[in-house]
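# Structural features, examined
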Amino acid sequence: MLRFLDTVQRIYLDHNATTPLLPPIIDRMTAVLRDDFGNPSSVHHFGQQAKGAVDDARSDVAALIGADPSEVLFTSGGTEADNIAIRGAAEALETTGRKHLVASAIEHEAVLNTLKALARRGWRTTLLPVDQSGIVSPGALLEALADDTAVVSVMHANNEIGTIQPIVELARMAHERGALFHTDAVQSAGKIPIDVKALGVDMLSLSAHKFYGPKGVGALWIRRGLRVLPLLTGGRQERSRRAGTENVPGIAGMGTAARIAARKLVEEGARLACLRDRLEAGILQSVPGTAVNGAIDVRVPNTTNISFDRVEAESLLIALDLEGIAVSTGSACSSGTLEPSHVLKAMGFNAHRTQNSIRFSLGAGNTEAEIDRVVAVLPRIVEKLRSLTRAPARA
Ligand SMILES: Cc1ncc(COP(=O)(O)O)c(C=O)c1O
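Now for a look at the structure at hand. (Residues numbered from 1 in each chain as written. Predicted model: local features only at pLDDT ≥ 70, side-chain atom pairs only at ≥ 80, totals over all residues. Heavy atoms only, no water.)

A few words now on the overall build of the protein. When helices and strands are tallied, the protein shows 14 helices and 15 strands. Taking 395 residues into account, the globule formula puts the C-alpha radius of gyration at 21 Å, and the protein, at 22 Å, falls close to it. Once the C-alpha set of the protein is aligned to its principal axes, its extents read approximately 70 × 50 × 40 Å. The buried share among the 395 residues of the protein stands at 54%. Sequence-distant contacts, at least 24 apart, represent 73% of the contacts inside the protein between residues at least 6 apart. Carbon and sulfur atoms make up 56% of the accessible area of the protein, which amounts to about 17,400 Å² in all. (Helix = DSSP H or I, 4+ residues; strand = E, 2+ residues; numbered from the N terminus. Rg over C-alpha atoms; globule rule 2.2 N^0.38 Å. Buried < 20%, exposed > 50% of the residue type's maximum accessible area, 1.4 Å probe, protein only. Contact = heavy atoms within 4.5 Å. Areas by Shrake-Rupley, 256 points an atom, 1.4 Å probe, with all protein chains shown as cover.)

As structure tokens, this is what we get:
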């Protein structure tokens, strides 16, 4: 059996893709699956027990972002939260004549493709450029804003390079022109402190599986009083903003994940930043032709994105996987062709650099010994890949 032969000690450095469930979260979800099977809309004991689990989770998620529980709406994940925020707010404003949407060029596809879909239905869209720091400049937003701008969406932290965007300033500028501001905080929630009021945003998206909760559950915070049209029509769940019987075990798992994240945020952030810096310094020192992509001073603590000159990122990813080390490239494989990272492309890097970069994203289980092992094996792997590229083609 393959598993029996799999004696490699695996190191997981792809926490921005997803995180493992922590044991207390598995315990909570198991208990809810077993004991709280009622429908939260039912008035009897069983229903109220399930409703209690959802309410507790709502309070825990709200506490993670400094919000009131009544403003938190559970969704099927970050993608749906982004969709409700942008489509729901844009459609609610349609009759006012505001038909312009703005987002940064380095957003996740959940935002970019939502803008594309709305553009096909008549909305005007503008993507804000970034420079090689990977940070949106407030000047770019100032230029893009118009009298008919309905919604501006700029992510809190980028998933590929980890850069944190100047949300407070961008949100203030959007409001000065009468536009709403949404931020996708999928990659910052649970990694750095978030306070929706201090950020000054109108809507904020979260996803449980990025902070040790289950996949397929997320949340959207909507500022009280803001009108957002639902995407799903049906029952009156989630204050009529998201129809459908709630994913009670998933929501309970997200709540527990939020509570644990809030408790450990500062301490774990410092530990991960230390490990990330050790990894980064180790690679830059031991592997020639390497460079960090994006600003290094305003990043989430767990992420680094490094380019390896004269190495195909995909080959490096596979070689590292054979050594038991899981990382990621920003490139997406769609219909058999490797698309270069749209984030690195937007940052102005050439085709080579957009395809020779690797994202290392650290998390709860990583140790100093693991980081040292990665730093120890990388020079040999990179040297080998480079020598293969140098080798003259045989006749
Ligand atoms: C920045 C960002 N937004 C949105 C999403 C989508 O979240 P979900 O997987 O929960 O749909 C992701 C997932 O990778 C992400 O990194």
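This brings us to the pairing of strand β2 (residues 72-75). Neither face of β2 is open: one carries V72 and F74, the other L73 and T75, and all of them are buried. Relative to strand β8 (residues 218-222), β2 runs antiparallel, the two being bridged by 4 bridges. Looking at the pairing, V72 lines up with W221 of β8. (Pairing = 2+ DSSP bridges.)

Core analysis: the largest hydrophobic core is formed by 61 residues, its most contacted members being I65, V152, F181, L204, F211 and M254. Considering each element in turn, this core owes the most residues, 8 residues, to helix α10 (residues 248-286). Those residues in contact with F181 that sit more than four places away from it in its chain are V152, V154, I167, L170, A171, A174, H175, V201, D202 and M203. L279, A319, F360 and V377 belong to the second-largest nonpolar core, a separate cluster that totals 28 residues. (Core = buried A, V, L, I, M, F, W, Y, C linked by side-chain atoms within 4.5 Å.)

In this section: the sheet that holds strand β10 (residues 303-308). On the basis of which strands lie adjacent, the open sheet formed by 4 strands has the order β9-β10-β15-β12 and antiparallel pairing. Looking at the sheet topology across the chains shown, the edges are occupied by β9 (290-292) and β12 (328-329). The pairing of β12 with strand β15 (residues 357-361) spans 2 bridges and is antiparallel. Bridging from a neighbouring strand, S328 pairs with R359 of β15.

This part is about the sheet that holds strand β5 (residues 149-153). Here 7 strands make up an open sheet; going across it, the order is β2-β8-β7-β6-β5-β3-β4 and the pairing mixed. On the outer flanks of this sheet lie β2 and β4 (124-128), each paired with one strand and no other. Between one strand axis and the next, the sheet turns through 20° on average, direction left out of account. When strand β7 (residues 203-207) meets β8, the two strands line up antiparallel, connected through 5 bridges. Within β8, the position partnered with L206 by the bridge is A219. (Axes fitted to C-alpha atoms, helices over the stretch in contact; angles between N-to-C directions.)

Turning our attention to the packing of helix α3 (residues 45-64) against α10. Viewed as axis vectors pointing N to C, α3 and α10 meet at an angle of 35°, and their least axial separation amounts to 8 Å. Crossing of α3 over α10 shows left-handed handedness. The residues of α10 that touch α3, namely those facing A50, A53, V54, A57, D60, V61 and L64, are V248, I251, A252, M254, G255, A258, R259, A261 and A262. Across the contact of α3 with α10, the residue classes tally to 13 nonpolar, 1 polar and 2 charged. (Left-handed = near helix turned anticlockwise from the far one by under 90°. Nonpolar A, V, L, I, M, F, W, Y, C, P; charged D, E, K, R; others polar.)

Take the packing of aromatic side chains next. Enumeration according to the criterion identifies 1 aromatic pair in this entry. Relative to F46, the ring of F37 has its centre 5.4 Å away and its plane inclined at 40°; by these criteria the two rings are tilted. A relative accessible area of 59% places F37 in the exposed class. The exposure class assigned to F46 is partly exposed, which follows from its relative accessible area of 41%. (Phe/Tyr/Trp six-rings, centres within 6.5 Å; stacked < 30°, edge-to-face > 60°.)

For the ligand, the set of nearby residues contains 13 residues, the closest of which are G78, T79, D184, S207 and K210. Taking Q187, its side chain carries an N or O atom lying 2.8 Å from an oxygen atom of the ligand. In the complex, the protein chains occlude 86% of the 400 Å² of accessible area that the ligand would expose alone. The dominant element in the shell around the ligand, judged by the number of residues it contributes, is helix α4 (residues 78-93), at 3 residues. Class assignment of the residues belonging to the shell around the ligand gives a composition of 2 nonpolar, 8 polar and 3 charged. (Near = heavy atom within 4 Å. Polar contact = N/O pair within 3.5 Å; in protein donor to acceptor, adjacent residues only side chain to side chain.)

In short, the description is geometric, and any link to function would need to be established separately.
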